[in-house]
Amino acid sequence: MLASVGPVAPLDVVLRDAVGCILAADVTATHDLPAFALAARDGYAVAAYETAGAGYASAQSLPVAHDVRPGAGPLRLVPGTAVRVASGGALPIGADAVVPLEETDRGTARVAMQRPAVPGQHVRPAASDVRAGDVVLEAGTRLGARQLALVASMGRGRLRVHPTPRVVLLSVGDELVEPGTHADRSGHGVFETDGHALEAAVRDAGAAAVRVGILGDDRAVLREAIEDQLVRADLLVITGGLSELTDDTVKDVLATMGSVRLDQVAMTPGQRHGFGTVADDLASDKSVPIFALQGHPVAAQVSFEVFVRPALRAMAGHAEVFRPSVAAEAVEGWVSPPGLRQFVPATVLGSPEEGYRVTPIGDPSAPTVSALAHANALAVVGEQDLTVHPGQVIHCLVLEG
């Protein structure tokens with residue numbers, strides 16, 4: 001699956017749209033930052049040697065020649081004078097120190113200082129942050145507040161990034177009912193869970209989710225809906241309709257589209273999967289990956305974590321696509337089915353220093369939505385293990401901290 005997807009084609013976007021994206025090209029500084037020396041405090045810019053007698057009763061004060069506000073270019077310091085300067089203002093040429101306001105009498109015509117200044121005090125030298133020609137952000141960097149602050153401070157308004165993948169979610173089944181409405185009095189109808197859960201999971205993975213909603217099992221309607229969504233999808237996820245029964249039609253529709261194939265994967269929950277790519281007829285160079293997951297909410301979410309989330313991370317340009325994992329000792333034992341890799345909702349506690357412990361939630365052989373809701377990890381039991389013994393070390397996929 002990972003071999004079939006790659007980063008979404010780079011785009012130049014404004015800074016607001018770059019939040020959370022992965023940088024697609026190095027950012028190189030075109031000029032020094034700051035471009036010239038700046039005052040780091042509100043105060044008076046001076047030549048330090050001219051304040052040698054400051055603090056003594058007989059010392060003369062310095063005349064204040066000018067005021068400098070942030071944004072103004074540097075002016076030249078007249079020897080024997082001081083210039084009042086705001087924090088962030090350009091240090092006058094010839095000045096090498098800033099005396100903070102609180103260390104003076106705050107004079108406006110002349111200023112007396114409590115002590116001599118030291119060269120360099122409260123000054124941000126030119127190029128102290130960035131030098132022209134430096135690579136300040138490397139391709140592959142995830143862009144957040146700190147990175148965008150650096151880019152904006154250099155005057156750049158756009159960045160080349162791998163845009164956030166757009167994921168279209170389709171839930172299939174005549175039996176599905178939207179939450180907030182009522183199933184009929186006979187108990188028929190199943191509240192649609194997968195779309196809402198996977199919409200949150202897609203956003204958590206850093207992608208953009210578009211939930212189309214519930215589709216019936218009609219083959220023509222389903223095929224038309226899939227084709228309609230290809231134009232706006234970077235990836236499409238379908239849940240439900242994968243059983244071998246005649247009423248479940250997803251398998252029939254997907255089998256005729258592109259390179260989509262359906263397989264039994266040696267895992268539980270979530271054995272039956274569909275995956276492939278379908279060409280978008282409206283964009284001849286665009287091929288959209290499609291995942292088909294089982295409709296059971298636990299199976300769908302486990303399959304998302306194991307297969308879809310890494311694909312989304314790869315499409316977004318992330319270097320690390322998998323959830324972190326830890327080795328933990330089982331607090332209690334349980335039975336695992338032969339020949340299947342078992343994913344068990346569990347709680348992992350501990351620390352790197354003291355080690356980790358894992359406790360299954362509910363019945364590992366029949367995981368429930370409530371068990372998954374209270375889990376912070378999936379305990380992964382290998383195909384060859386028929387029994388997990390207390391104290392056995394299990395690798396766990398960490399879902400949250």
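Residues numbered from 1 in each chain as written. Predicted model: local features only at pLDDT ≥ 70, side-chain atom pairs only at ≥ 80, totals over all residues. Heavy atoms only, no water.

The protein chain has the name Molybdopterin molybdenumtransferase in an unreviewed UniProt entry, where Cellulomonas terrae is given as its organism. Recorded under Cofactor (unreviewed entry), the UniProt text for the protein chain is reproduced unchanged: "Mg(2+)". Word for word, the UniProt comment on the protein chain under Pathway (unreviewed entry) is "Cofactor biosynthesis; molybdopterin biosynthesis." (UniProt positions renumbered as here; feature names shortened; annotations may be inferred.)

Engineer: Sorry, what's going on with the nonpolar core here?
Structural biologist: A general trend in soluble globular proteins is that nonpolar side chains are found buried together. In terms of nonpolar packing, the biggest core is built from 31 residues, with Val 167, Val 202, Leu 235, Val 237, Phe 291, Val 308 and Leu 312 touching the most fellow members. At the level of elements, β13 (166–172), α3 (194–204), β17 (235–239), β21 (283–293) and α6 (297–315) are the ones that each hand at least two residues to this core. Discounting chain neighbours no more than four positions away, the residues touching Leu 235 are Arg 166, Val 167, Val 168, Val 288, Pro 289, Phe 291, Val 308, Leu 312 and Met 315. (Core = buried A, V, L, I, M, F, W, Y, C linked by side-chain atoms within 4.5 Å. Buried < 20%, exposed > 50% of the residue type's maximum accessible area, 1.4 Å probe, protein only. Helix = DSSP H or I, 4+ residues; strand = E, 2+ residues; numbered from the N terminus. Contact = heavy atoms within 4.5 Å.)

Engineer: It is not clear to me how the confidence of the model for the protein chain should be interpreted in this structure. Could you clarify?
Structural biologist: Predicted coordinates in areas of low pLDDT are best not read in detail. Here the protein chain averages 91 in pLDDT, while 96% of its residues score no lower than 70. Per-element confidence in the protein chain ranges from a low mean pLDDT of 84 for β21 to a high of 98 for strand β26 (residues 377–381). (pLDDT = per-residue confidence, 0-100.)

Engineer: Just to check I follow, could you spell out the pairing of strand β25 (residues 355–360) for this structure?
Structural biologist: Here is the key point about a regular strand: its side chains alternate between the two faces of the sheet. Inspection of the sheet shows strand β22 (residues 325–330) paired to β25 by three bridges, in the parallel sense. In the strand pairing of β25, Glu 329 is matched with Arg 357. The sheet contact formed by strand β24 (residues 341–351) and β25 spans six bridges and is antiparallel. When the sheet's bridge partners are listed, Gly 350 is paired in β25 with Tyr 356. Hairpin connection of β24 to β25: three residues between the antiparallel strands. (Pairing = 2+ DSSP bridges.)

Engineer: Can you walk me through the sheet that holds strand β2 (residues 22–23) in this structure?
Structural biologist: Across a sheet, strands are paired by hydrogen bonds formed along the backbone, either parallel or antiparallel in direction. Pairing is antiparallel across the open sheet formed by three strands, whose spatial order is β1-β12-β2. The open sheet has two edge strands with one neighbour each: β1 (11–14) and β2. As judged from the two bridges shared by β2 and strand β12 (residues 158–162), these two strands associate in the antiparallel manner. In the sheet register, Leu 23 faces β12, and the bridge partner there is Val 161.

Engineer: Explanation requested: the domain arrangement of the protein chain in the structure shown.
Structural biologist: In many analyses, interface size is given as the accessible surface area lost on bringing the parts together. One can read the domain layout of the protein chain as domain 1 (2–33 + 129–162), domain 2 (38–124), domain 3 (166–316) and domain 4 (325–398). If you average the C-alpha positions of domain 3 and of domain 4, the two centres end up 27 Å apart. Opposite the 12 residues of domain 3 that make contact, domain 4 presents 13 residues. Counting the surface lost from both domain 3 and domain 4, the interface buries some 960 Å², and carbon and sulfur atoms represent 79% of this. If you sort the residues of domain 3 by the area they bury against domain 4, Ala 266, Thr 268 and Val 298 come out on top, with a joint share of 46%. Taken together, the links from domain 3 to domain 4 amount to zero salt bridges. For the pair domain 3 and domain 4, the interface holds three residue pairs in polar contact (both at pLDDT 80 or more). Top contributing element to the side of domain 3 that touches domain 4 by residue count: α6, with six residues. (Domains from an automatic or database assignment. Buried area = accessible area lost by both parts, 1.4 Å probe. Salt bridge = Lys/Arg side-chain N within 4 Å of Asp/Glu carboxyl O. Polar contact = N/O pair within 3.5 Å; in protein donor to acceptor, adjacent residues only side chain to side chain.)

Engineer: How do you make sense of α3 when you look at a structure like this?
Structural biologist: Along an α-helix, residues three or four positions apart point the same way, because every turn accommodates 3.6 residues. Of all the positions in α3, only Asp 194, Gly 195, Leu 198, Glu 199, Ala 201 and Val 202 are classed as buried. For α3, the angular spread of buried residues about the axis comes to 165°, placing them on one side. Directly beyond the C-terminal end of α3, a positive phi value near 95° is found at Gly 206. (Arc of directions from axis to C-beta.)

Engineer: Even after reading the chapter, I still don't get the side chain of Asp 217, so can you show me in this structure?
Structural biologist: Structurally, the position occupied by Asp 217 is in the loop between β16 (208–215) and α4 (219–229). The contact partners of Asp 217, leaving out residues within four places of it in the chain, are Val 172, Gly 173, Asp 174, Glu 175, Asp 247, Asp 248 and Thr 249.

Engineer: Looking at this structure, I do not really get the sheet that holds strand β9 (residues 110–111). What am I missing?
Structural biologist: Taking strand neighbours across the sheet as the criterion, the five strands line up as β8-β5-β7-β6-β9 in an open arrangement whose pairing is mixed. This sheet does not close on itself; its edge strands, each paired only once, are β8 (97–100) and β9. Across three bridges, strand β5 (residues 43–46) lies against strand β7 (residues 82–85) in antiparallel orientation. Among the inter-strand pairings, Ala 45 is bridged to a residue of β7, identified as Val 83.

Engineer: Whenever I open this one, the pattern of salt bridges confuses me. Can you help?
Structural biologist: Close approach of charged atoms allows side chains of opposite charge to pair. On inspection of all chains with the given rule, the structure shows 16 salt bridges. The partner of Arg 261 in a salt bridge is Asp 263, and the shortest N-O contact between them spans 2.7 Å. Residue classification places Asp 263 among the partly exposed residues on the basis of a relative accessible area of 28%. In this structure, Glu 305 engages Arg 323 in a salt bridge whose closest nitrogen and oxygen atoms are separated by 2.9 Å. With Glu 305 in helix α6 and Arg 323 in the loop between α6 and β22, this pair connects stretches of sequence that are 18 residues apart. Like Arg 323, Glu 305 is buried. One network of salt bridges, in which partners are shared, links Asp 204, Glu 305, Arg 309 and Arg 323.

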